[in-house]
Amino acid sequence: MGQREDLIETYATDLREKCGMEPDMDLLEKVTIGCGPAIYDADASVVASSDTDELTRIRENFLMGKLGLDDSDSLMGGIQESIRIYGRENPNKYRAVLYYMLTKHFGKESVYA
């Protein structure tokens with residue numbers, strides 16, 4: 001397997017073991033590819049969930065920009081709910097996993113169809 005496939009398996013394991021959900025592997029692969037080269041960078045591949053600037057970037061760039069959602073309080077609520085499910089105490093929240101969870105949370109799988 002290549003590096004991307006190895007990372008997708010790591011993300012799938014996190015979704016199963018830390019988030020308690022069985023991943024749709026096709027969607028997870030598409031979300032991972034959508035993250036671009038960030039998945040290969042140690043800093044960019046994870047989300048600093050306690051950094052409000054980072055959460056604002058996720059709302060603006062991913063939820064509004066990529067998924068096409070309108071700005072509302074529900075966006076930050078969805079981010080916080082996904083972080084809660086992933087585990088606030090977990091220091092390594094992979095960006096691709098969080099983006100996958102947000103895609104599912106907001107029912108925007110069609111963006112990756």
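Please refer to the structure higher up on the page.
Attention here is on the structure that accompanies the text. Keep in mind it's a predicted model, so treat the numbers as computed, not measured. (Residues numbered from 1 in each chain as written. Predicted model: local features only at pLDDT ≥ 70, side-chain atom pairs only at ≥ 80, totals over all residues. Heavy atoms only, no water.)

Scanning the chain for helices and strands turns up 5 helices and 2 strands. Helices and strands appear in the chain in the N-to-C order α-α-β-α-α-β-α. Whereas a compact globule of 113 residues would reach a radius of gyration of roughly 13 Å, the chain reaches 13 Å, a difference of no more than 12%. Across its three principal directions, the C-alpha atoms of the chain cover 40 × 35 × 25 Å. Counting only residues that meet the buried cut, the chain has 41% of its 113 residues in that class. (Helix = DSSP H or I, 4+ residues; strand = E, 2+ residues; numbered from the N terminus. Rg over C-alpha atoms; globule rule 2.2 N^0.38 Å. Buried < 20%, exposed > 50% of the residue type's maximum accessible area, 1.4 Å probe, protein only.)

Spanning 15 residues, helix α3 (residues 52-66) covers 19 Å between terminal C-alpha atoms, matching the ideal 21 Å at 1.5 Å per step. Considered for burial, the residues of α3 that qualify are E54, L55, I58, R59, F62 and L63. At the N-terminal boundary of α3, the capping side chain belongs to D51, with an oxygen 2.9 Å from the backbone nitrogen of D53. The positive-phi residue at the C-terminal boundary of α3 is G68, with phi of around 75°. (Expected span 1.5 Å × (residues − 1). Polar contact = N/O pair within 3.5 Å; in protein donor to acceptor, adjacent residues only side chain to side chain.)

Here the focus is the state of the cysteines. Taken as a whole and assessed by the stated rule, the structure comprises 0 disulfides. Distance from the sulfur of C19, which forms no disulfide, to the nearest cysteine sulfur (C35) is 14 Å. Given the relative accessible area of 13%, C35 is considered buried. (Disulfide = S-S within 2.5 Å.)

The N-to-C vectors of helix α1 (residues 3-17) and helix α2 (residues 25-34) enclose an angle of 120°; their axes lie 10 Å apart at closest approach. Our classification of the angle between α1 and α2 gives oblique. The two elements α1 and α2 meet at a crossing, and its hand is right-handed. Residues R4, I8, E9, Y11, A12, L15 and R16 of α1 lie in contact with α2, whose contacting residues are M25, L28, E29, T32 and I33. For the contact of α1 with α2, a count of residues per class yields 7 nonpolar, 1 polar and 4 charged. (Axes fitted to C-alpha atoms, helices over the stretch in contact; angles between N-to-C directions. Parallel < 35°, antiparallel > 145°, perpendicular 65-115°, else oblique. Left-handed = near helix turned anticlockwise from the far one by under 90°. Contact = heavy atoms within 4.5 Å. Nonpolar A, V, L, I, M, F, W, Y, C, P; charged D, E, K, R; others polar.)

A few words on the packing of aromatic side chains. Each aromatic ring pair is specified by the distance between its two centres and by the angle formed by the two planes. What the rule picks out here adds up to 2 aromatic pairs. Measuring from ring centre to ring centre gives 5.2 Å for Y11 and Y94, while their planes differ by 55°; the resulting arrangement is tilted. Note that Y11 is positioned in helix α1 and Y94 in strand β2 (residues 93-94), a separation of 83 residues in sequence. The exposure class assigned to Y11 is buried, which follows from its relative accessible area of 1%. According to the relative accessible area criterion, Y94 is partly exposed, its value standing at 21%. For the pair F62 and Y99, a centre-to-centre distance of 4.0 Å together with 15° between the ring planes defines the contact as stacked. Separated by 37 residues along the polypeptide, F62 in helix α3 and Y99 in helix α5 (residues 95-105) bring together distant segments of the chain. By the burial criterion, F62 is buried, and Y99 matches it. (Phe/Tyr/Trp six-rings, centres within 6.5 Å; stacked < 30°, edge-to-face > 60°.)

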